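What follows is the residue order along each chain.
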Amino acid sequence: MVEIKTDTALDAMRPAGRVVADILAATRAAATPGTRLSELDEVARAILREAGATSPFLHYRPSFAPTPFPATICTSVNDAIVHGIPSSYRLRDGDLLSIDCGAVVDGWASDAAITVAVGTPRPEDQRLMDTTRRALEAGIAAAVVGARIGDISHAIGSIGRAAGYGISADFGGHGVGRHMHEDPSVPNEGRPGRGFVLRHGLVLALEPMFLSGGGDAYYTANDGWTLLTADGSRAAHFEHTIAVTHDGPRILTQP
Ligand code: MG
Ligand code: MG
């Protein structure tokens, strides 16, 4: 069931979005060569604690997961697409790191992600990041009253495909509200003019994730969580939680 939020609820969702933006800024700054992924999780935990927020990631256990998620952020390095667990791995110069994060404030959730190059970016990684971010921007621009979910999916997917990247059909965007994952789902590829009609008060997380090798296939690591590209190529992931409004899309997870 798709829940449409009141204007009061839209305002109440903004503080959680700010906490998520703060965590992404702080973990991005901390993601330097030599830093452990687990240290980035500690950075996120401190900000959540300071803000009086809770983590919708910590102990989260969707149907596909064998164990509850053990951290407050996902850290997905190089060929990891999403859902990487912050381990003791030390970041190296040239790594491509996706950081995904959520927060709950006053019962409202928010969800956003960025991909960053650690140290010196490879040119092909820069192109992958720029394209994935551009697809997110196109998806947000398509999230207007009267448009449909398929318009967002098409805007995102056509940019990824035009660049030659792969897209997994199994993971994409979603509604956000009292729960981090709500209806409707927002695939990263689709046909324009299809699907749920967007209304004022609909809150969505849009999250293109592109696989640089061009294949769509992935597999799950032994930890039961991390999704890796089947061809070993690198992946990028950008996400914002946005509200569809009469005044156009409102990004809830910007600083
Ligand atoms: Mg996310
Ligand atoms: Mg999400």
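Right, let's walk through the structure included here. A quick note: this is a predicted structure, and the numbers were derived from the prediction, not measured.

All right, on to the pattern of salt bridges then. According to the stated counting rule, one finds 8 salt bridges in the structure shown. Residue R45 pairs with D41 through a salt bridge whose shortest N-O separation is 2.7 Å. Placement of the pair is R45 and D41 together in helix α2 (residues 37–51), with a separation of 4 residues, close to one helical turn. Since its relative accessible area comes to 29%, R45 is described here as partly exposed. Accessibility expressed as a relative area gives 7% for D41, which makes it buried. In this structure, a network of salt bridges that share partners links the residues E3, K5 and E182.

Turning next to unusual backbone geometry. A cis amide bond links D183 with the next residue in sequence, P184, at an omega value of 0 degrees. Positive phi, close to 70 degrees, is recorded for H83, a residue that is not glycine. A positive phi is found at D106, a non-glycine position, where the angle reads about 50 degrees. Among the structural elements, D106 can be located in the loop between β3 (96–105) and β4 (108–117). The exposed category is assigned to D106, whose relative accessible area is 67%.

Right, let's get into the environment of L97. Note that L97 resides in strand β3. C-alpha separation for the pair L97 and A117, spaced 20 residues apart in sequence, amounts to 6.2 Å.

Another point: the coordination of the magnesium ion (ligand 2). Under ideal tetrahedral coordination, the four donors around a metal are separated by 109.5 degrees; under ideal octahedral coordination, the six donors are separated by 90 or 180 degrees. All of the protein donors around the magnesium ion (ligand 2) are D111 (OD), H174 (NE2), E207 (OE) and E239 (OE); their distances to the metal are 2.1 Å. In primary-sequence terms, the residues that donate to the magnesium ion (ligand 2) follow D-x62-H-x32-E-x31-E. Separation of the magnesium ion (ligand 2) from the magnesium ion (ligand 1) amounts to 3.2 Å, with D111 serving as a shared donor to the pair. One end of the pair, D111, is in strand β4; the other, E239, is in the loop between β11 (235–237) and β12 (240–243), with 128 residues separating them in the sequence. Judged by its relative accessible area of 1%, E239 is buried.

Another point: the side chain of D100. Along the polypeptide, D100 turns up in strand β3. No salt bridge is formed by the buried D100. Its closest oppositely charged neighbour is R28, at 13 Å.

This brings us to the pairing of strand β6 (residues 182–186). As paired strands, strand β5 (residues 173–175) and β6 are joined by 3 bridges and run antiparallel to one another. Directly across from H174, in β6, lies its bridge partner S185. Joining the antiparallel neighbours β5 and β6 is a turn of 6 residues.

Our next topic: the packing of aromatic side chains. As enumerated under the stated definition, the model contains 6 aromatic pairs in all. Aromatic side chains F64 and W225 sit 5.6 Å apart centroid to centroid with 75 degrees between the ring planes, which places their arrangement in the edge-to-face category. With F64 in the loop between α2 and β1 (73–77) and W225 in the loop between β9 (218–220) and β10 (227–229), the pair connects residues that are 161 residues apart, well separated along the chain. For the cation-ring pair, R178 lies above W108, with the distance from its terminal atom to the ring centre recorded as 4.0 Å.

Attention now moves to the sheet that holds β3. Taken together, 3 strands build an open sheet; the order of strands is β1-β3-β4 and the sheet is antiparallel. The open sheet has two edge strands with one neighbour each: β1 and β4. Each neighbouring strand pair of the sheet contributes to a mean axis angle of 10 degrees, computed without reference to strand direction. Both β1 and β3 contribute to a ladder of 5 bridges, which runs antiparallel. The residue bridging V77 from the neighbouring strand is L97, located in β3. Docked against the sheet, α2 engages β1 and β3, running at close to 155 degrees with respect to β1.

Parameters and conventions
Residues numbered from 1 in each chain as written. Chains lettered and ligands numbered in written order. Predicted model: local features only at pLDDT ≥ 70, side-chain atom pairs only at ≥ 80, totals over all residues. Heavy atoms only, no water. Salt bridge = Lys/Arg side-chain N within 4 Å of Asp/Glu carboxyl O. Helix = DSSP H or I, 4+ residues; strand = E, 2+ residues; numbered from the N terminus. Buried < 20%, exposed > 50% of the residue type's maximum accessible area, 1.4 Å probe, protein only. Donors = N, O, S within 2.8 Å, 3.2 Å for Na, K, Ca; no water. Lys, Arg positive; Asp, Glu negative; His and termini not counted. Pairing = 2+ DSSP bridges. Phe/Tyr/Trp six-rings, centres within 6.5 Å; stacked < 30°, edge-to-face > 60°. Lys NZ or Arg CZ within 6 Å of the ring centre and 35° of its normal. Axes fitted to C-alpha atoms, helices over the stretch in contact; angles between N-to-C directions. Contact = heavy atoms within 4.5 Å.

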